[in-house]
Amino acid sequence: MKKRSDIPVEFTWNMEDMFPSDEAWKELYRETEKRLPDYQNYKGKLAESAETLYQCLLFDDECSLAIERLFVYARQKSDEDTGNQIYQELTGKAQLLANRAAELSSFLIPEILSMDETLLSGYLKSDCGIAHYRKVIERVLDKKAHTLSVEMEELLAQSLEATQGASQIFNMFNNADLKFPEIQVGGESVRITHGNYIKLMENQDRTVRQNAFFALYGSYKSFINTLASTFSANVKQAVFYAKARHYSSSRAYALAENEIPENVYDQLIAAVHDRMGLMHRYAALRRRALGVEELHMYDLYVPMVADYDRSYTYEEAKAMVLEGLAPLGDHYLSLLKEGFRNRWIDVYENEGKRSGAYSWGAYGTHPYVLLNFSGTLDHVFTLAHEMGHALHSWHSDQNQPYTYAGYKIFVAEVASTCNEALLIRHMLDKAENEKEEAYLINHFLESFRGTLFRQTMFAEFEAIVHRKAAEGEPLTAESLCGIYRQLNVEYFGPDMVVDHEIDYEWARIPHFYTPFYVYQYATGFSAAVAISSRILAGDQGTLDGYVKFLSGGCSMTPIELLKLCGVDMSTSKPVGEALAVFEGLLDRLETLI
Ligand SMILES: [Zn+2]
């Protein structure tokens, strides 16, 4: 493995664009540390005048921007070589500063909420600059009906420590204590881990898949009553806080946090159910492609099409991304080129470098992308994906003030997935033979299965389970397994043998401990596929709207932002459009294999 110093500088990101030197970082750190106690100057005084309120919000923005820049720089430098003690220490210092700021500013929201509303709306009309924060203040006020008295809020805050045990217990159990058995793979003993399980599920040797599947779920099964109690406690926690805060349900509470109306969730599930036949056809095709008498749950991850082995240089990858994203227009392409040329990207693996890929950065400097590019097709898509995030941030940062630049999770995966969808459609058009075409279609169909169908099934499971808990029905291992099994039967249809082991799958999904989170993967994917299809069809209105969407940050709600590109997530239409793309690909693959 190469040392970082052996990587040519043009393949490393230029962190000097953020801070010219560590010394400059330290200067901002000292300055910020000195400023933080000034929060005290505003405490208890926000209602005094519009000017005071404005100055406080401005001060809060300035502090958080400084801390963001300090933290991102230290962390990204640390990711270059995770063994580097210097940047570990700077990251720790930035984190402490962030915690300190959170503590010192904790009076802000309660104090705004306690202000007289007539007085406050009078303040908002003042021309001292406060109008800039109108949306921030309105968002705080939206929560007023769900904010309790000061004493009650304190009690709730304290109770959290005692009630969040379930998710901690699950994490400890799942990551530290639970050990899976060893199985034989190609004459060798291999212990199953969370990390290698999916790889084992992709093994061409069916016995390996079978053994891994039975062994993994056997482990969960032997603890299933404990896991049911743990999960049930987590659900009850969510139900309790939703009730305490006067929300109609735990789902209403979770969605309100992101300004998402509940019908978005229902429309997603309804739209997928409407076309469930497509998933059944997919299962039938998979059974035929694998040439098996019975399709089992352990046959789900192995590729339907034999490996189309090709590797790509980084130069080729950049060229493919530029070609594939050409429908987004010249300006978008010029930004991509700027990112490629001006060292936004840390391309190759080196000793100690953080694994995986991400796009990150701080307001005021161009975005950054970390890759570990090794030339697989997946890595070409990763480049398109991460540059999607990067250019989303670039557009929002350029067009929004700091206060409104950060976009929300609900829309975060739209730009990245849209890029992947555009790239794969381009590659399909250019496929040189049917084998390559089949391979690419398989790749895209797997994204649909894993992101749209699977996450919607998860979302449906959560909705059912939380509703039952709210109605006072006990969540036992038996009832949870029964609900989960029924969903699998519905989703996969008659061509799938739904092995009983899969009934325990809910017990190993960490995301279920963050209630009502996963549906956003399915909605984001659907929106992205719908948008990419319209752009490819030459719809100029969608393209213009898409640039506005990218530029919107959090200046509007996620649903309003998506409406800019003609995608209304409060209807089932975008999900339907995405599923129509799935259908087209399925039609084609059925003729190819
Ligand atoms: Zn992403």
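All residue numbers refer to positions counted from 1 along the written sequence of the respective chain. Owing to the predicted nature of the model, reporting of local features is limited to residues with pLDDT of at least 70; listing and counting of side-chain atom pairs is limited to 80 or more, with chain, interface and lining totals taken over all residues. Hydrogen atoms and water are omitted, and side-chain values are computed over all heavy atoms in the structure.

A. Summary view of the overall build of the chain. Looking only at helices and strands, one finds 24 helices and seven strands in the chain. Here the globule rule is a power law, 2.2 Å times the number of residues to the power 0.38, and the radius of gyration is based on C-alpha atoms. Against the 2.2 N^0.38 benchmark of 25 Å for 593 residues, the chain shows a C-alpha radius of gyration of 25 Å, consistent with a compact globule. With respect to the three principal axes, the spread of C-alpha positions in the chain is 75 × 60 × 50 Å. Evaluated residue by residue, the chain yields a buried proportion of 51% over its 593 residues. Carbon together with sulfur atoms contributes 51% to the accessible area of the chain, which is approximately 26,100 Å² in total. Positive charges are assigned to Lys and Arg, negative charges to Asp and Glu, while His and the chain termini are left out of the count. By convention, charge coordinates are those of NZ in Lys, CZ in Arg, CG in Asp, or CD in Glu. Of the side-chain charges in the chain, 57 are positive and 84 negative, and the distance between the mean point of each set is 0 Å. In this description a helix means any DSSP run of H or I spanning at least four residues, a strand means any run of E spanning at least two, and both kinds are numbered starting from the N terminus. Partly exposed residues are those whose accessible area sits between 20% and 50% of the maximum for their type, while under 20% is buried and over 50% is exposed, using a 1.4 Å probe and protein chains only. For the accessible areas, the method is Shrake-Rupley and the probe is 1.4 Å, while residue cover comes only from the protein chains on display.

B. Fine view of the side chain of His-146. Tracing the backbone shows His-146 in the loop between helix 6 (134-142) and helix 7 (150-163). N or O atoms within 3.5 Å of each other form a polar contact, as long as, within protein, one can give a hydrogen and the other can take it, and as long as residues adjacent in sequence are counted only when both atoms are side-chain atoms. At 3.4 Å, the side chain of His-146 and the backbone oxygen of His-246 are in polar contact. When residues no more than four places from it in sequence are discounted, the contact partners of His-146 are Glu-153, Arg-245, His-246 and Tyr-247. Two residues qualify as a contact provided that any one of their heavy atoms is within 4.5 Å of a heavy atom in the partner residue.

C. Quick look at helix 12 (residues 250-257). For helix 12, the set of buried residues is Ser-250, Arg-251, Ala-252, Tyr-253 and Leu-255. On its buried face, helix 12 sits against helix 11 (224-244), helix 13 (262-274), helix 19 (434-470) and helix 21 (519-536). Looking one or two residues beyond helix 12, the residue adopting positive phi is Glu-259, at roughly 60°.

D. A look at helix 19. Expected helix span is given by 1.5 Å per residue-to-residue step, counting one fewer step than there are residues. For helix 19, spanning 37 residues, the distance from its first C-alpha to its last is 52 Å, which sits close to the expected 54 Å at 1.5 Å a residue. Where helix 19 bends most, the angle comes to about 25°, and this point is Arg-449. One side-chain oxygen of the residue at the start of helix 19 lies 3.2 Å from the amide nitrogen of Lys-435, identifying that residue as Asn-433. Gly-472 sits one or two residues past helix 19 and shows a positive phi near 85°. What is called the bend at a residue is the angle between a pair of axes, fitted to the seven residues leading up to and ending at it and to the seven starting from it.

E. Structural detail: the coordination of the zinc ion. For the zinc ion, the full set of protein donor atoms is His-385 (NE2), His-389 (NE2), Glu-413 (OE) and Glu-413 (OE), and the range of their distances to it is 2.1 to 2.6 Å. Here a donor is any nitrogen, oxygen or sulfur atom (N, O, S) within 2.8 Å of the metal, with 3.2 Å used for Na, K and Ca; water is not among the atoms considered, so some sites may look incomplete. Each label reflects the angles at the metal, where four donors whose angles all fall between 85 and 135 degrees are tetrahedral, four or six donors whose opposite pairs open beyond 155 degrees and whose other angles stay between 65 and 115 are square planar or octahedral respectively, and the rest are irregular. For the zinc ion, the four donor atoms in the first shell make angles of 52 to 140° at the metal, so the coordination geometry reads as irregular. Read N to C, the donor residues that coordinate the zinc ion are spaced as H-x3-H-x23-E. Of this pair, His-385 sits in helix 17 (residues 377-399) while Glu-413 sits in helix 18 (residues 409-430), and the two are 28 residues apart along the sequence. What makes His-385 buried here is its relative accessible area of 15%.

F. The pattern of salt bridges, seen in detail. Every case where a carboxyl oxygen of Asp or Glu lies within 4 Å of a side-chain nitrogen of Lys or Arg is listed as a salt bridge. Under the criterion given, the structure shown has 35 salt bridges. Between Glu-505 and Arg-508 there is a salt bridge, and its shortest N-O distance comes to 3.7 Å. The pair formed by Glu-505 and Arg-508 is uniform in burial state, with each residue classed as buried. Here the salt bridges do not stand alone but share partners, grouping Arg-4, Lys-77, Glu-80, Asp-346 and Lys-353 into one network.

G. Quick peek at the side chain of Arg-508. Following the sequence through the fold, Arg-508 ends up in the loop between strand 7 (496-497) and helix 21. Given the relative accessible area of 15%, Arg-508 is considered buried. A polar contact is formed between the side chain of Arg-508 and the side chain of Tyr-217, at a distance of 2.9 Å. Leave out the neighbours within four places in its chain, and Arg-508 touches Phe-170, Asn-174, Tyr-197, Leu-216, Tyr-217, Tyr-220 and Arg-454.

H. Just the domain arrangement of the chain, in detail. Domain annotation of the chain identifies domain 1 (4-163) and domain 2 (219-310 + 323-329 + 336-341 + 385-593). Just so you know, the domain bounds were taken from an automatic or database domain assignment. A C-alpha centroid distance of 32 Å is found between domain 1 and domain 2. If you sort the residues of domain 1 by the area they bury against domain 2, Arg-139, His-146 and Leu-156 come out on top, with a joint share of 36%. Glu-153 is the partner of Arg-245 in a salt bridge, and the nearest nitrogen-oxygen pair spans 2.7 Å. When contributions to the side of domain 1 that touches domain 2 are tallied by element, the ones reaching two or more residues are helix 2 (50-80), helix 6 and helix 7. It is helix 7 that provides the largest number of residues to the side of domain 1 that touches domain 2, a total of five residues. Here the side of domain 1 that touches domain 2 is built from residues that sort into seven nonpolar, six polar and seven charged. Buried area is a sum: the accessible area each of two parts loses on coming together, probed at 1.4 Å, counted once for each and added. Residue polarity is assigned by list, with Asp, Glu, Lys and Arg as charged and Ala, Val, Leu, Ile, Met, Phe, Trp, Tyr, Cys and Pro as nonpolar; anything else, Gly included, falls into the polar class.

I. Highlighting the environment of Leu-28. Tracing the backbone through its elements, the reader meets Leu-28 in helix 1 (residues 22-35). According to the relative accessible area criterion, Leu-28 is buried, its value standing at 15%. Considering only alpha carbons, one finds Leu-28 and Ile-67, 39 residues apart in sequence, at a separation of 9.0 Å. When residues no more than four places from it in sequence are discounted, the contact partners of Leu-28 are Phe-19, Ala-66, Arg-69 and Leu-70.

J. Fine view of the environment of Asn-399. Here Asn-399 is to be found in helix 17. Assessed through its relative accessible area of 46%, Asn-399 is described here as partly exposed. Sequence separation between Asn-399 and Gly-552 is 153 residues, and the spatial gap between their C-alpha atoms is 7.3 Å. There is a polar contact of 2.7 Å between the side chain of Asn-399 and the backbone oxygen of His-395.

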